[in-house]
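# Report on the structure
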Amino acid sequence: MAAGKVTVRNPARERLQKGELAIGIGLRQARTVDIAPIMVQAGYDWLFIDLEHNSMTLDMAVQISVTANAAGISPIVRVPNGQYDMATRVLDGGAFGIVMPHVDTADEARTVVERLKYPPVGHRSAAGAMPQLGFAAMPPAESTKLVNDNMLVVVMLETPTAIANAEAIAAVPGIDVLLIGTNDLTMEMGLPGQIMHPDVAKAYEAAGAACKKHGKWLGMGGVYTDEGMSKYVGMGARFILGGNDLPLLVQAATARSQFLRKYQ
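Here's what I pulled together on the structure shown here. (Residues numbered from 1 in each chain as written. Predicted model: local features only at pLDDT ≥ 70, side-chain atom pairs only at ≥ 80, totals over all residues. Heavy atoms only, no water.)

### Some remarks on the overall build of the chain
For clarity, the threshold we go by: Only DSSP runs of H or I reaching four residues or more are called helices, and only runs of E reaching two or more are called strands; each is numbered from the N terminus. Atoms counted for the radius of gyration: C-alpha only. Globule rule: 2.2 Å times the number of residues to the power 0.38. Only the protein chains shown count as cover for residues, and the accessible areas themselves come from Shrake-Rupley with a 1.4 Å probe. A residue counts as positive if it is Lys or Arg and as negative if it is Asp or Glu; His and the chain ends are not included. One atom stands in for each charge, and that atom is NZ of Lys, CZ of Arg, CG of Asp or CD of Glu.
Counting its secondary structure elements, the chain contains 12 helices and 10 strands. Against the globule reference of 18 Å for 264 residues, the chain gives a C-alpha radius of gyration of 18 Å, in line with a compact fold. Principal-axis analysis of the C-alpha atoms gives the chain an extent of 65 × 45 × 30 Å. About 12100 Å² of surface is accessible on the chain, with carbon and sulfur atoms providing 54% of the total. Of note, the chain has its 23 positive side-chain charges centred 6 Å away from the centre of its 25 negative side-chain charges.

Following this line, the structure appears as structure tokens:
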């Protein structure tokens, strides 16, 4: 979206609005800003910058986020549940979306929106110049609306309770994506690791129906087999966490070493 000379881009949201897949890559090991253009070259739309299960600092997340905006890939940051001070600081620093884990109810989802969106949608405090807008000087009413309209607010459904409340969560104004955390969901269901279990498919079906009814996007995380990804994308998932840097690095490195060991 352009505002005067300011062009605002959230490539992941653009993909979703076109009905396409928005494909993300999880960052746990990456610590330098060059990961953003690298993942653009690899074909990804968003970076899943993980501050929940990671030792990455807030400053690292911000530096990567600013570079990601310039490189044309969306910086989306997962913070620990309820850590709104961390969430707003990383948004102030350049992130163009927040993933809030472990959201079980519509009331919790409403709190997420209230804390992450600027007025009149929510109650987030305005910090001034915004990296997402190229630090352009703009009237606050205009700049905050641009950010509100273009960011992605993602809530993770990771329990049977969250799945049961999917429709109520999807109905909350300001929520964009219901992202199923499949690994944690299987743990909570007593089916650890069984991502293809019929009950997991039913969870995707229920969340997908809720998203369709309320005009939201269904997300998929924790599913990294070809069979699983094909199944749940086929059921309507569009905001896709395609993998994480550590296992992809290990897989590629292992394949190369195994190939070379054949010549010993």
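### Some thoughts on a nonpolar patch on the surface
Heads up, the rule is: What makes a patch is a set of residues exposed beyond 30% relative accessible area and free of salt bridges, joined within 9 Å when like-charged and within 5 Å when nonpolar (Val, Leu, Ile, Met, Phe, Trp, Tyr). A side-chain nitrogen of Lys or Arg and a carboxyl oxygen of Asp or Glu constitute a salt bridge if their distance falls within 4 Å.
Together, Phe259, Leu260 and Tyr263 make up an exposed nonpolar region whose accessible area comes to about 350 Å². By the secondary structure assignment, Phe259 is in helix 12 (residues 245-261).

### Topic: helix 5 (residues 106-116)
Counted only if it meets this: Classification of residues uses two cut-offs on accessible area relative to the type maximum, computed with a 1.4 Å probe and protein chains only: under 20% is buried, over 50% is exposed, and between them is partly exposed. Throughout, the arc means the angular range of directions from the helix axis out to the C-beta atoms. When checking whether two residues touch, look at their non-hydrogen atoms; a contact exists if any pair is within 4.5 Å.
Those residues of helix 5 not exposed but buried are Ala106, Ala109, Val112, Val113 and Leu116. Within helix 5, the buried residues cover an arc of 110° as seen down the axis, which keeps them to one side. For helix 5, the elements touching its buried residues are helix 4 (84-92), strand 6 (97-100), strand 7 (152-157) and helix 8 (166-170).

### Some details on the nonpolar core
Selection criterion: Throughout this description, the term nonpolar core refers to a set of buried Ala, Val, Leu, Ile, Met, Phe, Trp, Tyr and Cys residues connected via side-chain atoms within 4.5 Å.
One finds Leu47, Leu157 and Leu178 to be the most contacted residues of the largest nonpolar core, which totals 67 residues. In terms of residue count, the dominant contributor to this core is helix 10 (residues 198-214) (7 residues). What Leu157 contacts, discounting residues up to four positions off in sequence, is Val103, Ala162, Ile163, Ala166, Ile169, Leu178, Leu179, Ile180, Gly181 and Ala207. The next biggest cluster of nonpolar side chains, apart from the first, holds 15 residues, and it includes Phe48, Ile76, Phe239 and Leu241.

### As for unusual backbone geometry
Backbone torsion omega between Pro119 and Pro120 reads 10°, so that peptide bond is classified as cis. Here Pro120 is to be found in the loop between helix 5 and helix 6 (140-150). The phi angle at His102 is positive, at roughly 60°, despite the residue not being glycine. Positionally, His102 belongs in the loop between strand 6 and helix 5.

Remember that the coordinates give geometry; whether it matters functionally is a separate question.
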